[in-house]
Amino acid sequence: MSSAVSMSGSGVNGSPQPRAARGAPPTRRGFTSASREGRWGTRILLGVVIVWFAVLILAPIAALVWGTCDAGLGAALAALRTPTAREAFNLTIGVTIAAVLINTFFGVVLALVLARQRFGGKLLLEGLIDLPFSVSPVVAGFMFIILFGPQGWLGRWFEAGGIRVVFAVPGIVLATIFVTLPFVTRELVPVLRECGLEQEEAARTLGANGWQTFWRVTVPSVRWGLGYGITLTVARALGEFGAVLVVSGSIIGKTQTATLFIHQEFTDFHYEGAFAASLVLAVVSFCLLVAMELIQKRMQQERS
Amino acid sequence: MNRSWRRRTTDGSQLTLRGIGLGYIGLFVALPIIALGARAFAGGLPRLWENLTQPEALFSLRLTVIMAGAMILINVVMGTLTAWFLVRHRFPLRGLMNALIDLPFAIPTNVTGLMLVVLYGPQSSIGSFLSAGGVEVIYAKPGIVLALLFVTFPFVVRAVQPVLLELDRDVEEAASTLGAGRLAVFRKVILPSLLPAILTGAALSFSRALGEFGSVVMVAGNIPLRTQVAPVFVYGEIESDNPEGALGVSVVLLVGSLVVLILLNLLQRLGRRQDE
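Given the structure is predicted, the values throughout are model-derived calculations rather than measurements.

1. Focus: the interface of chain B and chain A
And then number 1: On the side of chain A, 87 residues touch chain B, which itself brings 90 residues to the contact.
And then number 2: The leading source of residues in the side of chain B that touches chain A is helix 1 (residues 3-41) of chain B, at 17 residues.
And then number 3: Among the residues making up the side of chain B that touches chain A, the classes are represented as 57 nonpolar, 19 polar and 14 charged.

This is the structure:
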């Protein structure tokens, strides 16, 4: 039971993703096939579930693929080769790398603190970490406009130094850091707790210093959890739209990420570009999903 | 290098780590929230109240809650059923379904919106067929519910699935041996143990629906007093250079997500207690 409601193993948007549940085959047939009419009821319900899944999830994906092919693959490729499209994808990659670097570094520190230290206000801290998952991306972007805008508490200083944060690339990076902040920490804390302190203490007794212990003992034993957290961060950073839209003020080309490019193309009725870029992002997210699945398998293997 | 010296150094490095961690959360999470709060209450409570009670703002909040409610009703039933079949039955498409359940989390929200517009929009055959029958999906409320259903689909399924896996079958079998009908077994044996997980899934879905923007703005557009949900209202105000107008709704959305977060925490404890 606890695994269901525990928040460890979070999805891209903070859902609980039970590791044990996935891919495990049903072990035996239940009592459900007991009576004849029962079997029919089951079949009808199963039909409903399958149709629901097909209509809700599969049909929109199929429509996107079909829409892209319908507009012509040549046109799609041409739309992706335009300078605007290229710049948008480059910016997305750059922003993602920045968010991953910052959130991995600080996320590891924070996870070590949460897993190993006791102090007052820890509960509040844990609550704050989860907040970016539940705050609306638009409100998140708005908060950064207030804080880093020309008159904001921090924006004032940057403005005085001649650095534009909001409506520019730094703002996009900040917003992306915010929405992806919980992933690394939340994946690492349970893994760190599980692997305990014994090996690290052994390494220390054998004369390793803190740094050596961290790199040679701690990091290797949590590497899959870390990899999972980073993959989630990448997935969310690549696809973030709302927060980035608010913060960027969408100035064409200059501060456009891939999702903003899709938005722009769609509002301008350039459907080939919007479809092609959407399909690229959808395929990338699917690949990241597969990567997560593989990482989870490795984690399970190592645990058993 | 005696013992006390080493202890002191570890304490020092622990404090440094704690400082870095707190600074990180403080700068990226706490400070932005405080800044929003300070700005919202700067003009006094009556100003904020006035701001919140403008007809468009109130409408957008009400619409958000209604749409989220409709989504939850459908999602709780379909999500629990989906989890049930994934755990207890083998059927064609099961592998594919299990693999694709999380896809809505990974796909960018505005790509979701675009896909729905392509599928149900006025230019699509399904869309024109439906609108000939008098049903408008895109730029209308059904589109909003559909978008919310898509983006929240994994929550209930992924919350219920592990509980179903761990559920003790013997109790069910005992109940049915003792003559309980299938419905009775479900209601009296299975449902009570699934309830915390279902509620968790529902709360997560609700929290997501409160804040969802990308898919809804594509699907429903930005029509005040018709299809404008709260996050879209906030965006509209910022976009039209009136950020002050967005303060009230933003604060309500923020407080709403805080409340759901606390609720989830309580549910988690409830689940744990049931476990013991």
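2. Examining the nonpolar core
And then number 1: Residues F142(A), F144(A), A175(A), L148(B), V160(B) and V234(B) are the most contacted members of the largest nonpolar core, which totals 167 residues.
And then number 2: It is helix 8 (residues 141-166) of chain B that contributes the most residues to this core, 17 residues altogether.
And then number 3: Counting residues domain by domain, this core receives three or more from each of domain 1 (32-70) and domain 2 (83-303) of chain A.
And then number 4: Contacts of V234(B), omitting those with residues within four sequence positions, involve V138(A), V139(A), F142(A), A246(B), V249(B) and S250(B).

3. Some points on the domain arrangement of chain A
Residues and elements named next belong to chain A.
And then number 1: On domain assignment, one finds that chain A holds domain 1 (32-70) and domain 2 (83-303).
And then number 2: Centre-to-centre separation of domain 1 and domain 2, based on C-alpha positions: 34 Å.
And then number 3: Listed by partner, the interface residues are four residues for domain 1 and five residues for domain 2.
And then number 4: Across the side of domain 1 that touches domain 2, the residue classes break down as two nonpolar, two polar and no charged.

4. Comments concerning unusual backbone geometry
And then number 1: One non-glycine residue, F167(A), adopts positive backbone phi at about 65°.
And then number 2: Along the chain, the position of F167(A) falls in the loop between helix 7 (155-160) and helix 8 (169-180).
And then number 3: With phi around 60°, Y139(B) is a residue other than glycine that occupies positive phi space.
And then number 4: You can see Y139(B) is positioned in the loop between helix 7 (125-132) and helix 8.

Each value, and the rule that gives it
Residues numbered from 1 in each chain as written. Chains lettered and ligands numbered in written order. Predicted model: local features only at pLDDT ≥ 70, side-chain atom pairs only at ≥ 80, totals over all residues. Contact = placed C-beta atoms within 7 Å. Helix = DSSP H or I, 4+ residues; strand = E, 2+ residues; numbered from the N terminus. Nonpolar A, V, L, I, M, F, W, Y, C, P; charged D, E, K, R; others polar. Core = buried A, V, L, I, M, F, W, Y, C linked by C-beta atoms within 7 Å. Buried ≥ 20, exposed ≤ 12 C-beta atoms within 10 Å, placed from the backbone. Domains from an automatic or database assignment.

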